[in-house]
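The chain contents come next:
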Amino acid sequence: MNKQSWYFLGEGRKSPSYNMAMDELLLSFVESKPVLRIYDWDVPTISIGYSQRLSEINTAGYRVVRRYTGGGVVFHDTSYTYSLVFPSSHLLVDKARLEGYKVVNEAVMSALLPYNKNLYLYDRKLDDDTDLSIMACAENPTFYDVMKNSEKVSGCAQRRNKNGLLVEGYIKKIALAQESLEKALKNTFAEYFNCSYESFPDKKDLFFQAEQLAKKKYLSKEWNFKR
């Protein structure tokens, strides 16, 4: 089978609003090639899932941003983040939601195994009494999250639309250093998805749009707080 061509976008420390705006725009931008993006945060940040509420979440000392994807509360001062964007034509888009989680998290676990032993994928659903509206991701593992002993090491959330699939994932910083993580993820995704990477195109309009969307949407109280 011929190798797919993916774009790789490595970004350093960016604002919470920019990070979330870029992920959303990449799902609109994606046409024929998947994108792997690895990025960091320029301030201590809490991101919350699309459908969550903030009334009972302690956010003192953190910037708060609502994600375009679902899932629970993630503290980004203790984790690294990546996103995967797949066009609608990609095979993963047609898989069921849980199967998509399994494929991605198996790859992440494989990337981490040389640095962390005793990793496994969680095999149970959330407890029935879990309040999803204020759930913290790290404290509430569910199907196919990456675990070490009884601690959640990595998880991800999804968003689908007519353009394709966005996966946003986090990996706890206990796993390995950021430089090693980036290399390990790139190599492992290349193996799992039979792909090679191209540099992300110099689309100045896209980066400008991300800055504008960050200001208009991801810095707004309407988006971040009103649920």
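This report concerns the structure included in the present document.

Calculation notes
- Residues numbered from 1 in each chain as written.
- Predicted model: local features only at pLDDT ≥ 70, side-chain atom pairs only at ≥ 80, totals over all residues.
- Heavy atoms only, no water.
- Helix = DSSP H or I, 4+ residues; strand = E, 2+ residues; numbered from the N terminus.
- Buried < 20%, exposed > 50% of the residue type's maximum accessible area, 1.4 Å probe, protein only.
- Axes fitted to C-alpha atoms, helices over the stretch in contact; angles between N-to-C directions.
- Parallel < 35°, antiparallel > 145°, perpendicular 65-115°, else oblique.
- Left-handed = near helix turned anticlockwise from the far one by under 90°.
- Contact = heavy atoms within 4.5 Å.
- Nonpolar A, V, L, I, M, F, W, Y, C, P; charged D, E, K, R; others polar.
- Pairing = 2+ DSSP bridges.
- Expected span 1.5 Å × (residues − 1).
- Salt bridge = Lys/Arg side-chain N within 4 Å of Asp/Glu carboxyl O.
- Core = buried A, V, L, I, M, F, W, Y, C linked by side-chain atoms within 4.5 Å.

1. Description of unusual backbone geometry
Residue Y144 is not a glycine yet carries a positive backbone phi of 75 degrees. Tracing the sequence through the fold places Y144 in the loop between β7 (119-121) and β8 (146-148). Residue classification places Y144 among the partly exposed positions, given a relative accessible area of 22%. A positive phi angle is found at N149, which is not glycine, with a value near 55 degrees. Mapping N149 onto the fold places it in the loop between β8 and β9 (151-161). Residue classification places N149 among the exposed positions, given a relative accessible area of 51%.

2. A few points about the packing of helix α1 (residues 16-29) against helix α5 (residues 204-218)
Closest axis-to-axis distance for the α1/α5 pair is 8 Å, and the angle between their directions is 120 degrees. If you check the angle between α1 and α5, you find them oblique. Crossing of α1 against α5: the hand is right-handed. Residue-level inspection shows S17, Y18, M20, A21, M22, E24, L25, L26 and F29 of α1 in contact with α5, the latter providing L206, F207, Q209, A210, E211, L213, A214, K217 and Y218. Class assignment of the residues belonging to the contact of α1 with α5 gives a composition of 13 nonpolar, 2 polar and 3 charged.

3. Focus: the sheet that holds strand β3 (residues 45-48)
Strands sit in the order β4-β3-β5 across an open sheet of 3 strands; the sheet is mixed. Unpaired on one side and paired on the other, β4 (63-66) and β5 (74-75) mark the two borders of the sheet. One ladder, built from 4 bridges, connects β3 with β4; its direction is parallel. Residue I46 lies in a different strand from β4, and its bridge partner there is V64. Along the sheet face, α1 touches β3 and β4 and points at about 15 degrees away from the line of β4.

4. Here we look at α1
For α1, spanning 14 residues, the distance from its first C-alpha to its last is 20 Å, which sits close to the expected 20 Å at 1.5 Å a residue. Among the 14 residues in α1, 13 count as buried, and that is most of the element.

5. What about the pattern of salt bridges?
In this structure the tally under the stated criterion is 9 salt bridges. In this structure, the salt-bridge partner of R13 is D40, at a minimum N-O distance of 4.0 Å. Here R13, found in strand β1 (residues 4-14), pairs with D40, found in strand β2 (residues 35-41); they are 27 residues apart in sequence, far enough to count as distant. A relative accessible area of 58% means that R13 is categorised as exposed. A salt bridge links D145 to K152; the nearest nitrogen and oxygen atoms lie 2.9 Å apart. On the basis of relative accessibility, which here comes to 3%, the residue D145 falls in the buried class. When salt bridges that share partners are traced, they join E11, D23 and R37 into one network.

6. Describing the nonpolar core
Of all hydrophobic cores here, the largest spans 33 residues; its most connected members are Y82, L84, L185 and F189. Per-element accounting of this core gives the leading share, 8 residues, to helix α3 (residues 97-112). By size, the runner-up hydrophobic cluster in this structure holds 25 residues, among which are L9, V35, V65 and L166.

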